[in-house]
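Geometric and topological summary
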Amino acid sequence: MELNTRLKNVAVVGAAGKMGRGICLLMTDLIANLQLNSPNKLGYKITMVDVSDDALSGLLEYLRSQLRKYAEKNINNLRKAYASRKDLVENGEMIDEFINGAMLLPRPTTLLEAAKDATIVFEAAIENIDIKNQIYATLDKVCSKDTFYYTNTSSMPIAELEKVGGLKGRIMGVHFYNPPPVQKLVEMIISKNTRPEVKEAAYEIGKMLKKTLIPSNDVAGFIGNGHFMRDGLHAIGEVEALQKIGMKMYEGIYALNRVSQDFMIRPMGIFQLIDYVGLDVYQLILQVMKKHLNDKELHSQLIDEMIKQDVKGGQFADGSQKDGFLKYEKNRPVGVYCTKEKKYILFTENNWTKAIDEKLGEVPTGYQPWKALLSDKGKDKKLEAYFTSMKSMNTTGATLAWKYLLRSKEIAHFLKNSGVTDDVENVNGVLMNGFYHLYGPVNKYY
Ligand SMILES: NC(=O)c1ccc[n+]([C@@H]2O[C@H](COP(=O)([O-])OP(=O)(O)OC[C@H]3O[C@@H](n4cnc5c(N)ncnc54)[C@H](O)[C@@H]3O)[C@@H](O)[C@H]2O)c1
């Protein structure tokens with residue numbers, strides 16, 4: 001079946017979730033544009049399945065408002081496509097026409113069986129193996145034996161989903177990053193059985209969506225979480241080590257967050273990133289990886305304790321950051337959680353952060369914030385000089401950062417040596433495109 005024909009009948013399962021709604025938007029815009037340029041405009045639909053009616057009605061509002069932004073950006077193409085339509089003159093009329101056409105595509109439903117005609121299914125349901133298995137078992141019963149399945153799982157081996165669902169090579173991982181409409185990176189994971197035509201269609205769709213596609217092998221956690229989980233565990237380990245030499249745990253969290261953001265020039269500190277992802281999600285992915293990789297190290301008592309105390313991070317419905325390791329005001333960190341006192345210690349209390357900053361010492365010579373270097377064409381030379389200066393320093397901050405950089409590099413090599421990727425360049429690619437690092441962990445600087 002031609003891809004354009006296959007795209008006539010798409011389903012998104014878990015459509016109202018964080019990832020599902022983004023995939024719904026991407027696919028609605030893509031298919032609405034295909035429809036616009038197709039002589040036979042009829043017959044396209046996107047079945048959007050989720051378990052809650054309320055969430056699905058919110059989804060439609062979200063799609064309508066986002067499609068307006070897409071259409072406004074795409075006005076030149078819309079003018080071309082509607083050139084023969086004498087009834088459409090103003091930009092606003094064309095934008096409304098496009099949105100009205102696009103909004104005929106979504107078929108929201110709480111019935112999974114409604115996806116029976118789908119020839120492509122994007123699955124972004126909650127990261128729970130039993131629920132995903134149930135979804136695939138049902139879909140396999142009601143859909144054609146030619147349907148292609150693209151799962152967004154962050155951690156589960158594709159081969160396992162394939163086996164339980166009986167999907168025989170018709171599933172692969174198409175791992176969008178959050179939020180899918182904004183993030184360029186998609187990790188592409190084929191299992192040993194994935195059929196070439198399933199892979200080809202996924203790559204073709206990825207290209208149509210103008211995504212950066214990086215292959216990962218089918219090993220729990222893949223490249224992104226394979227690095228991120230271990231990177232986070234390294235920071236937690238350092239906090240525990242600092243405790244042994246007299247630093248309080250919350251002080252250590254503050255210190256490692258600063259080291260990973262400022263000293264290592266990353267877009268955000270590691271504890272802020274774990275908060276963004278959600279401590280419960282972080283814990284869940286660790287559990288899945290630990291089970292599949294049979295690696296006891298993939299566990300953190302601190303994360304377990306935080307969750308026990310109901311501190312989980314993640315986002316509110318309006319996208320603002322919930323408190324986690326750090327407390328946030330207007331999405332900026334203002335304090336650190338103390339598990340012993342079961343409360344946040346604000347940065348402003350008794351100037352404690354100043355004492356930790358002094359302990360860490362100055363950032364290395366040549367430091368510029370991540371944002372300043374991001375679009376700097378001369379960043380390569382600047383980073384080289386910066387890391388050379390870091391190497392010669394023996395302050396606590398520089399020493400912690402240096403050790404952290406080497407650990408990140410070690411993780412990248414481990415991912416290659418343990419078969420998660422065929423090339424460390426893929427790890428660099430995932431970290432630079434999905435985590436917005438300025439440099440990959442395997443580089444010429446150190
Ligand atoms: N959030 C992230 O940063 C992120 C990034 C990449 C991949 N992922 C992966 O994407 C998937 C979804 O994650 P999310 O963060 O969007 O979760 P989410 O909790 O925001 O959304 C999951 C959705 O699945 C729905 N759902 C639950 N059971 C269902 C069922 N039986 N049938 C249909 N829908 C059902 C829920 O109602 C919810 O709307 C997971 O596999 C996750 O690992 C998440």
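Residues numbered from 1 in each chain as written. Predicted model: local features only at pLDDT ≥ 70, side-chain atom pairs only at ≥ 80, totals over all residues.

Some details on the domain arrangement of the chain
For interface size, the figure often reported is the accessible area lost on association. According to the domain assignment, the chain contains domain 1 (3–216) and domain 2 (223–434). The C-alpha-based centres of domain 1 and domain 2 are spaced at 33 Å. Listed by partner, the interface residues are 14 residues for domain 1 and 15 residues for domain 2. Mapped by element, the contributors of at least two residues to the side of domain 1 that touches domain 2 are β7 (185–189) and β8 (212–216). Per-element accounting of the side of domain 1 that touches domain 2 gives the leading share, 4 residues, to β8. (Domains from an automatic or database assignment. Contact = placed C-beta atoms within 7 Å. Helix = DSSP H or I, 4+ residues; strand = E, 2+ residues; numbered from the N terminus.)

Quick look at helix α12 (residues 279–293)
For α12, spanning 15 residues, the distance from its first C-alpha to its last is 21 Å, which sits close to the expected 21 Å at 1.5 Å a residue. Among all positions in α12, only Leu279, Tyr282, Ile285, Leu286, Val288 and Met289 are buried. Directly after α12, the chain includes Asn294, whose backbone phi takes a positive value near 55°. (Expected span 1.5 Å × (residues − 1). Buried ≥ 20, exposed ≤ 12 C-beta atoms within 10 Å, placed from the backbone.)

Quick look at the sheet that holds strand β11 (residues 343–346)
Strand order across the open sheet formed by 3 strands is β9-β10-β11, with antiparallel pairing between neighbours. Each end of this open sheet is capped by a strand with a single partner; those strands are β9 (326–329) and β11. Adjacent strand axes in the sheet meet at a mean angle of 40° when their direction is disregarded. (Pairing = 2+ DSSP bridges. Axes fitted to C-alpha atoms, helices over the stretch in contact; angles between N-to-C directions.)

Considerations on the site of the ligand
Around the ligand there are 26 residues in total, and Gly14, Gly17, Met19, Ser154 and Asn178 lie nearest to it. For the shell around the ligand, the leading source of residues is helix α2 (residues 18–36), giving 3 residues. Taken together, the residues that form the shell around the ligand break down as 14 nonpolar, 9 polar and 3 charged. (Near = placed C-beta within 6 Å. Nonpolar A, V, L, I, M, F, W, Y, C, P; charged D, E, K, R; others polar.)

Describing the pairing of β8
One ladder, built from 5 bridges, connects β7 with β8; its direction is parallel. Bridging across to β8, Leu185 finds its partner in Thr212. Since β7 and β8 lie parallel, the crossover through helix α8 (residues 196–208) that links them has a hand, and here it is right-handed. (Right-handed = clockwise from strand over helix to strand, strands pointing away.)

Comments concerning α8
Look at α8: 18 Å from first C-alpha to last across 13 residues, which is about the 18 Å you get at 1.5 Å a residue. Of all the residues in α8, the buried ones are Val198, Ala201, Ala202 and Ile205. The buried side chains of α8 occupy one side of the element, clustering within an arc of 100° when seen end-on. Relative to its buried face, α8 has exposed residues pointing more than 90 degrees away, namely Pro196, Glu200 and Lys207. Those residues of α8 hidden inside the fold are in contact with α1 (3–6), β5 (148–151), β6 (171–176) and β7. Looking one or two residues past α8, Lys210 carries a phi angle of roughly 60°, positive in sign. (Arc of directions from axis to C-beta.)

Describing the environment of Thr119
Residue placement: Thr119 occurs in the loop between β3 (106–109) and β4 (120–123). Separated by 87 residues in the primary sequence, Thr119 and Gly206 place their C-alpha atoms 17 Å from one another. Leaving out residues up to four positions away in the same chain, Thr119 has contacts with Met1, Arg6, Asn9, Ser144, Asp146, Thr147 and Phe148.

Focus on the packing of helix α6 (residues 129–142) against helix α7 (residues 158–165)
One way to put it is that α6 packs onto α7 with a least axis distance of 8 Å and a crossing angle of 50°. Looking at the two axes, α6 sits oblique to α7. Where α6 crosses over α7, the handedness of that crossing is right-handed. Of the residues in α7, those in contact with Lys132, Asn133, Tyr136, Ala137 and Asp140 of α6 are Leu161, Val164 and Gly165. (Parallel < 35°, antiparallel > 145°, perpendicular 65-115°, else oblique. Left-handed = near helix turned anticlockwise from the far one by under 90°.)

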